[in-house]
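Listed here are the chains, written in short residue letters.
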Amino acid sequence: MTYAITQTCCSDATCVAVCPVNCIHPTPEEQDFGSTEMLYVDPKSCIDCGACADACPVDAILPVDSLSRSQQEYAGINAAYYAGREPEPAAGPNFHAWGEPSFVRSLPSDFAPLRVAVVGTGPAGMYAAEDLLLHTNAEVTLIDRLPVAGGLVRYGVAPDHPATKGVGETFARFHSHPRVRMHLGIEVGKDVTVEELAAHHDAVIYAVGASASRRLGIPGEDLPASIPATTFVSWYNAHPDVTPGAVGLAAERVVVAGSGNVALDVARILVTDPAALAGTDIAGHALTALRDSTVREVVLLGRRGPDDAACTASELLALSHLPGVHLVVDDHDPRTGAAIDGAAAGEKAALLRELPRERVDWAQPPPHGRRIVFRFHSAPVAVLGQDGVEAVRVTAGGGDQEIPAGLFLRAIGYRGLPLPGLPFDEAAGTVPHEGGRVAGLPNSYVVGWIKRGPSGGIGANRACAAETVGTLLADAVAGALPSPAYPARAFGRLARGRGRPVVDARGLAAIDRAELARGRAAGRPRVKFDTVPALIAAAKGGRWRSPR
């Protein structure tokens, strides 16, 4: 028996570090690392020890003989990565060709503890905090503008991907670490300034992500019911910034601009049987709206062909196993069928080969049942309507076509926002930096999407954080960091003095207990609080109503 890595792989390479026979690739030392959609187990080298499965933070590694029907393709996907590749050399008592020891976090023995603030408690910030806490004696201040931790894990991962959310449990063990102070509900740039943060810490790491949505710049983009996919994702994940009424599902057809994983996420949620979603932590208001929804068809617009679809093969495969949902390829452009038929095994376009193709008559209402239509070589050029979305005009070979729809979602990428006090590159939507060091600010650093742009999944932040923390420590050893102007506990007094209720680790634990209790009362894994006042009340141990 061998193991296989499946859909939820986060590519943070925790599994690589524990494998005794070097059978998981690409490793962080290899050129391909970061460019593949996932990591792969070599079935010929795997010795069935299970160390990788134990270490995986997202439960993506399973024995091949226990793969479910929808996961069985991954045995072949893992094996296909090694087809035609030279096997890795084996040596040593446990068959692993170990390299020379490397101590990347080696510090002088008399090195004084650093006080480091981490702004943002999503994966990027928590990987940075983890690195500091495990490899140095640093004291870490965790700051987030929301009164609850989690960032992208809590508010960006689709509710029907619970294994991916499991990485949050790995991060949560650091929330109550003895060298961590937590101040949630504090917004940098509003409640405290960049300068104040710098004056209270040896260094500050900004992990504020890329929360804005890219715009298309087409007429009608701002009509009611024309919204960014980021809003839709936040809506079904109970983000406090998005109200329950922000999304309406009274349309029969929804058009989504984009072919990436976020586009697939929103399409999947729109057509999934609500009974299946009731077993997840989806927002209660979203579950109610989906139960009452009239949506029967979601059209995914891809500007280029199927071979250039931005989604990962694993997410595309998962879509094909969605119960009760039909997948169709719109055959309006001959290039689409040619690309699918000509795709080599293992290419994304080849995954569409078994799907029916039809030249969709958009003048007709969606057929009975639920379906997702892939329409490639087509881009939106205008959103049409008076008081709301009525149709989307899209490119179609020699001319344009109108697709009647009552909801339009743009899923064309995220974009970072400027933070007062930090430099900002408007074109890239990132903070200018050198190896994570913010340009022009001696003790400020960036990590995650605000550093490198909105690319890479959860696991990509581990290597990104390692680079930033390495730069910070090198600066500290070189004496380049100015000393804090205030004692360690002064920042807590400053934060509380700004009139905002601040949630600490004890309050966060109270929120977690309350949400789990709400879930038990509703027969669900968790029911999140979806407003800031409700989160703060739960943090203080206040009463909350059981969900209906």
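A.B. asks: Quick question: what am I supposed to make of the overall build of the protein chain here?
C.D. replies: Each helix and strand counted, the protein chain has 19 helices and 23 strands in total. Expected size for 548 residues packed as a compact globule is a radius of gyration near 24 Å; at 24 Å, the protein chain falls within 12% of this value. Counting only C-alpha atoms, the protein chain reaches 75 × 60 × 45 Å along its principal axes. Taking all 548 residues of the protein chain together, 53% fall into the buried category. Taking the contacts inside the protein chain whose residues are at least 6 apart along the sequence as the reference set, 75% of them involve residues at least 24 apart. Total accessible area computed for the protein chain in this model is approximately 24,100 Å², and 52% of it derives from carbon and sulfur atoms. Of the side-chain charges in the protein chain, 51 are positive and 59 negative, and the distance between the mean point of each set is 8 Å.

A.B. asks: Any chance you could explain the sheet that holds strand E17 (residues 391-396) here in plain terms?
C.D. replies: Across a sheet, paired strands are connected by hydrogen bonds in the backbone, their directions being either parallel or antiparallel. One open sheet holds the three strands; their spatial order is E16-E17-E18, and the pairing between them is antiparallel. Taken across any chain shown, the strands that pair with only one partner, and hence form the sheet edges, are strand E16 (380-384) and strand E18 (399-404). Pairs of neighbouring strands in the sheet enclose a mean axial angle of 25 degrees, with direction left out of account.

A.B. asks: I tried to follow helix H19 (residues 532-539) on my own but got confused; where do I start?
C.D. replies: An α-helix turns once per 3.6 residues; consequently, residues spaced three or four apart project the same way. Taken as a whole, H19 has its buried residues at Leu 535, Ile 536, Ala 538 and Ala 539. Angularly, the buried residues of H19 cover 160 degrees about the axis, an arc narrow enough to put them on a single face. Tucked into the core, H19 has its buried residues touching helix H5 (152-155) and helix H18 (505-522). Where H19 begins, one side-chain oxygen reaches toward the backbone nitrogen of Ala 534, 3.2 Å away; that side chain belongs to Thr 531. Residue Gly 541 follows H19 closely and has a positive phi angle near 80 degrees.

A.B. asks: Just checking my understanding: could you explain the packing of aromatic side chains for this structure?
C.D. replies: When we look at a pair of aromatic rings, we describe it by the centre distance and by the angle of the planes. According to the stated counting rule, one finds seven aromatic pairs in the structure shown. Measuring from centroid to centroid gives 4.5 Å for Tyr 40 and Tyr 81, while their planes differ by 10 degrees, and the two rings are stacked. With Tyr 40 in strand E3 (residues 40-41) and Tyr 81 in helix H3 (residues 73-81), this residue pair connects regions lying 41 residues apart in the sequence. Put simply, the rings of Tyr 40, Tyr 81 and Tyr 82 touch in pairs and so form one group of aromatic residues.

A.B. asks: Quick question: what am I supposed to make of the packing of H18 against H19 here?
C.D. replies: Any two packed helices are characterised by how steeply their axes cross, that is the angle between the axes, and by the distance between the axes. Where H18 contacts H19, the axes come no closer than 7 Å and their chain directions differ by 105 degrees. If you check the angle between H18 and H19, you find them roughly perpendicular. Each of Gly 507, Ala 510, Ile 511, Ala 514 and Glu 515 in H18 lies in contact with H19, whose residues at this interface are Leu 535, Ala 538 and Ala 539.

A.B. asks: What is the right way to look at the sheet that holds strand E11 (residues 253-257) in this model?
C.D. replies: Across the sheet, seven strands lie side by side as E10-E19-E11-E12-E15-E13-E14; this open sheet has parallel pairing. The open sheet terminates on both sides in strands that have one partner only, identified here as strand E10 (226-228) and strand E14 (357-358). Lying over the sheet, helix H10 (residues 261-271) contacts E11, strand E12 (297-302), strand E13 (325-330), strand E15 (370-376) and strand E19 (407-410), oriented at roughly 170 degrees with respect to E12.

A.B. asks: I would appreciate a short explanation of the environment of Met 38 in the present structure.
C.D. replies: For Met 38, the position within the fold is in the loop between strand E2 (24-25) and E3. Taking the C-alpha atoms as reference points, Met 38 and Gly 457, separated by 419 residues in sequence, lie 9.9 Å from one another. With residues up to four places along the chain from it excluded, the contact list for Met 38 reads Ile 5, Thr 6, Cys 9, Ser 11, Pro 26, Tyr 74 and Asn 78.

A.B. asks: Explanation requested: the nonpolar core in the structure shown.
C.D. replies: Judged by nonpolar contacts, the single largest core of 72 residues is most densely connected at Ile 24, Leu 114 and Ile 205. Tallying contributions element by element places helix H4 (residues 123-135) first for this core, with seven residues. Apart from residues lying up to four places away in sequence, Ile 24 is in contact with Ile 5, Cys 15, Val 16, Cys 19, Leu 39, Tyr 40, Val 41, Cys 52 and Tyr 82. Formed by 47 residues, the second largest nonpolar core is a distinct cluster that contains Val 242, Leu 319, Leu 322 and Leu 355.

A.B. asks: Would you explain the pattern of salt bridges in this entry?
C.D. replies: Side chains that differ in sign of charge can pair as their charged atoms come close. By the definition in use, this model includes 32 salt bridges. Across the pair Arg 215 and Glu 221 runs a salt bridge whose closest N-O atoms are separated by 3.6 Å. With relative accessibility at 48%, the residue Arg 215 sits in the partly exposed group. Judged by relative accessible area, Glu 221 falls into the buried class, the value being 2%.

A.B. asks: So what exactly am I meant to see when it comes to the side chain of Asn 237 here?
C.D. replies: Positionally, Asn 237 belongs in the loop between helix H9 (229-236) and E11. Owing to a relative accessible area of 0%, Asn 237 belongs among the buried residues under this scheme. In contact with Asn 237, other than residues within four places in its own chain, are Arg 154, Tyr 155, Gly 156, Val 157, Pro 159, Lys 165, Ala 283 and Lys 528.

A.B. asks: What should I look at first to understand the environment of Tyr 155 in this one?
C.D. replies: Here Tyr 155 is to be found in helix H5. Other than its neighbours up to four places away in sequence, Tyr 155 contacts Leu 146, Val 148, Val 233, Asn 237, Ala 238, His 239, Pro 240 and Leu 535. Within the structure, Tyr 155 has its side chain in polar contact with the side chain of Arg 154 (distance 2.9 Å).

A.B. asks: Just to check I follow, could you spell out the environment of Ile 458 for this structure?
C.D. replies: The topology assignment puts Ile 458 in the loop between helix H15 (449-452) and helix H16 (460-477). Separated by 449 residues in sequence, Ile 458 and Cys 9 place their C-alpha atoms 9.4 Å apart. The residues contacting Ile 458, other than those within four sequence positions of it, are Cys 10, Pro 123, Tyr 127, Val 153, Val 157, Thr 164 and Val 167.

A.B. asks: Would you mind going over the state of the cysteines with me for this structure?
C.D. replies: Put plainly, a disulfide is one covalent bond tying together the sulfur atoms of two cysteines. For the coordinates displayed, the defined rule picks out zero disulfides. Cysteine Cys 56 remains unbridged, with the sulfur of Cys 10 as its closest cysteine sulfur at 6.0 Å. Among the residues examined, Cys 56 registers a relative accessible area of 12% and is labelled buried. Cys 311 carries a free sulfur, and the closest cysteine sulfur to it, the one in Cys 9, is 16 Å from it.

A.B. asks: Hey, could you run me through unusual backbone geometry in this one?
C.D. replies: His 25 connects to Pro 26 through a cis peptide bond whose omega is -5 degrees. Relative to the helices and strands, Pro 26 is located in the loop between E2 and E3. Positive phi values are uncommon outside glycine, yet Ser 11 reaches one of about 60 degrees. Along the chain, Ser 11 falls in the loop between strand E1 (3-5) and helix H1 (14-18). Phi is positive for Ala 13, which is not a glycine, with a value near 70 degrees. Overall, the relative accessible area of 9% leaves Ala 13 in the buried class.

A.B. asks: Explanation requested: the side chain of Asp 333 in the structure shown.
C.D. replies: Here Asp 333 shows up in the loop between E13 and helix H14 (334-342). A distance of 2.8 Å separates a polar atom in the side chain of Asp 333 from the backbone nitrogen of Arg 335.

Thresholds applied
Residues numbered from 1 in each chain as written. Predicted model: local features only at pLDDT ≥ 70, side-chain atom pairs only at ≥ 80, totals over all residues. Heavy atoms only, no water. Helix = DSSP H or I, 4+ residues; strand = E, 2+ residues; numbered from the N terminus. Rg over C-alpha atoms; globule rule 2.2 N^0.38 Å. Buried < 20%, exposed > 50% of the residue type's maximum accessible area, 1.4 Å probe, protein only. Contact = heavy atoms within 4.5 Å. Areas by Shrake-Rupley, 256 points an atom, 1.4 Å probe, with all protein chains shown as cover. Lys, Arg positive; Asp, Glu negative; His and termini not counted. Charge placed at Lys NZ, Arg CZ, Asp CG, Glu CD. Pairing = 2+ DSSP bridges. Axes fitted to C-alpha atoms, helices over the stretch in contact; angles between N-to-C directions. Arc of directions from axis to C-beta. Polar contact = N/O pair within 3.5 Å; in protein donor to acceptor, adjacent residues only side chain to side chain. Phe/Tyr/Trp six-rings, centres within 6.5 Å; stacked < 30°, edge-to-face > 60°. Parallel < 35°, antiparallel > 145°, perpendicular 65-115°, else oblique. Core = buried A, V, L, I, M, F, W, Y, C linked by side-chain atoms within 4.5 Å. Salt bridge = Lys/Arg side-chain N within 4 Å of Asp/Glu carboxyl O. Disulfide = S-S within 2.5 Å.

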